[in-house]
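Fold and contact review
Here's the letter readout for the chains.
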Amino acid sequence: GGAPGVQVRTNQEGADAAWLLRVCDSRADAAYWEGLFAAQWLLLALPAILFATLGPFSPRATLALRPPAPRALAAAALIMVGGVPVGWLLGWLQGLFLDVPEEFLRMFQQLLTADTPGRFAWLILLIAVTPAICEELVFRGVLLQGLSRDLPMVRAVALSALVFAAFHLSFETV
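Worth saying up front: this structure is predicted, and the values here are computed from it rather than measured.

Thresholds, definitions, all that
Residues numbered from 1 in each chain as written. Predicted model: local features only at pLDDT ≥ 70, side-chain atom pairs only at ≥ 80, totals over all residues. Heavy atoms only, no water. Salt bridge = Lys/Arg side-chain N within 4 Å of Asp/Glu carboxyl O. Helix = DSSP H or I, 4+ residues; strand = E, 2+ residues; numbered from the N terminus. Core = buried A, V, L, I, M, F, W, Y, C linked by side-chain atoms within 4.5 Å. Buried < 20%, exposed > 50% of the residue type's maximum accessible area, 1.4 Å probe, protein only. Contact = heavy atoms within 4.5 Å. Patch = residues over 30% accessible without salt bridge, like charges linked within 9 Å, V, L, I, M, F, W, Y side chains within 5 Å. Areas by Shrake-Rupley, 256 points an atom, 1.4 Å probe, with all protein chains shown as cover.

**Description of the pattern of salt bridges**
For the structure shown, the criterion picks out one salt bridge. Linking Arg140 and Glu136 is a salt bridge whose minimum nitrogen-to-oxygen distance equals 2.5 Å. Of this pair, Arg140 and Glu136 are both found in helix 6 (residues 117-150), four residues apart, which corresponds to roughly one turn of the helix.

**Some points on the nonpolar core**
The nonpolar side chains of soluble globular proteins are, as a tendency, buried together. Core analysis: the largest hydrophobic core is formed by 10 residues, namely Leu44, Ala45, Ala48, Ala52, Leu63, Cys134, Leu137, Val138, Phe139 and Val142. Those elements giving two or more residues to this core turn out to be helix 2 (27-54) and helix 6. Ranked by residues supplied to this core, first place goes to helix 6 with five residues. Ala52 has contacts with Phe57, Ser58, Pro59, Thr62 and Leu63, leaving out every residue within four places of it along the chain.

**A word on a nonpolar patch on the surface**
On the surface, Val86, Leu89, Leu90, Trp92, Leu93, Leu96, Phe97 and Leu98 cluster together to form a nonpolar patch covering roughly 850 Å² of accessible area. Tracing the sequence through the fold places Leu98 in the loop between helix 4 (70-97) and helix 5 (102-112). Judged by relative accessible area, Leu98 falls into the partly exposed class, the value being 38%.

Have a look at this one:
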């Protein structure tokens, strides 16, 4: 029953929910991950995109959108290969002095124990891809580009980094 568009949307939502439940352990787990995903896009990415597109600015300049140079792509590949072991080491060293937030440990455990490729892909999307895109839009895009209009680049980068760091503070480790 109902309008064809409503039925298609209802079917799609049902399929999305079924897929989400298939890659999550429970309805509560699915609701948690779905809420986290929605919060990132609705509270970080959407306001940044709206600000860039509805404001008196060029969206391309405001969000710092430009294709990477081949040299930058090569550097990123090398950083990924060499940076992962360094990241593990730094994480281990940090754990010696600060408690690791419980939420991080839970997400990391779920990622390492993903039992299907779909679950692994979903967790990578939630834990790595979504935060990276949303935070880049806010911090390197809108915030850094806005600050660099009025401040020297070194100060704009420092202030943007400070706000980024404050955003990532965990009350469990402070």
